[in-house]
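Next come the chains, spelled out residue by residue.
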Amino acid sequence: DLVQDFYLRELKSYKPPVAAKDAHVGNVKVFTSPTTPKPPVLPADLAADLAEYDVAEPTKAEVEAVKPTGEEVGGGAEAFLTFLEADVKPAEAHH
């Protein structure tokens, strides 16, 4: 009970330090609102600008589709399985 009385007495006698009115001056920047952005302006002759862009834009060349032949494909799954089952020749050691 002695410790509790001492603790309560110290709490009652505690006075927080008084903060100065201008204590924030060196730590906080002054807020200034940003300027309002200007809306975008369309060019006066939009059709001419688009035509100029179309002329300057490169076009993709047409590519002919090449159809694979049966020889390039390799004969399907059976040919692939026979390839996998084939014996692998060991590499010769260099002396």
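What you are looking at is a predicted structure, and each value in this text was computed from that prediction instead of being measured.

### As for the overall build of the protein
Line of reasoning, step 1. Of the regular secondary structure elements, the protein holds four helices and zero strands.
Line of reasoning, step 2. Listing the helices and strands of the protein from first to last along the sequence gives α-α-α-α.
Line of reasoning, step 3. Every one of the 95 residues in the protein was classed for burial, and the buried ones make up 0%.
Line of reasoning, step 4. Summed over its atoms, the accessible surface of the protein is roughly 10700 Å², and 62% of this surface lies on carbon and sulfur atoms.

### Some thoughts on a nonpolar patch on the surface
Line of reasoning, step 1. Judged by side-chain polarity, Phe 80, Leu 81, Phe 83 and Leu 84 come together as a nonpolar surface patch covering roughly 440 Å² of accessible area.
Line of reasoning, step 2. Tracing the sequence through the fold places Leu 84 in helix H4 (residues 77-85).
Line of reasoning, step 3. Judged by relative accessible area, which is 51%, Leu 84 ranks as exposed.

### Quick notes on the confidence of the model for the protein
Line of reasoning, step 1. In this model, the protein carries a mean pLDDT of 82, and residues with pLDDT of at least 70 account for 88%.
Line of reasoning, step 2. At the low end of the mean pLDDT range in the protein sits helix H3 (residues 70-73), at 53; at the high end sits helix H1 (residues 2-13), at 95.

Rules behind the numbers
Residues numbered from 1 in each chain as written. Predicted model: local features only at pLDDT ≥ 70, side-chain atom pairs only at ≥ 80, totals over all residues. Heavy atoms only, no water. Helix = DSSP H or I, 4+ residues; strand = E, 2+ residues; numbered from the N terminus. Buried < 20%, exposed > 50% of the residue type's maximum accessible area, 1.4 Å probe, protein only. Areas by Shrake-Rupley, 256 points an atom, 1.4 Å probe, with all protein chains shown as cover. Patch = residues over 30% accessible without salt bridge, like charges linked within 9 Å, V, L, I, M, F, W, Y side chains within 5 Å. Salt bridge = Lys/Arg side-chain N within 4 Å of Asp/Glu carboxyl O. pLDDT = per-residue confidence, 0-100.

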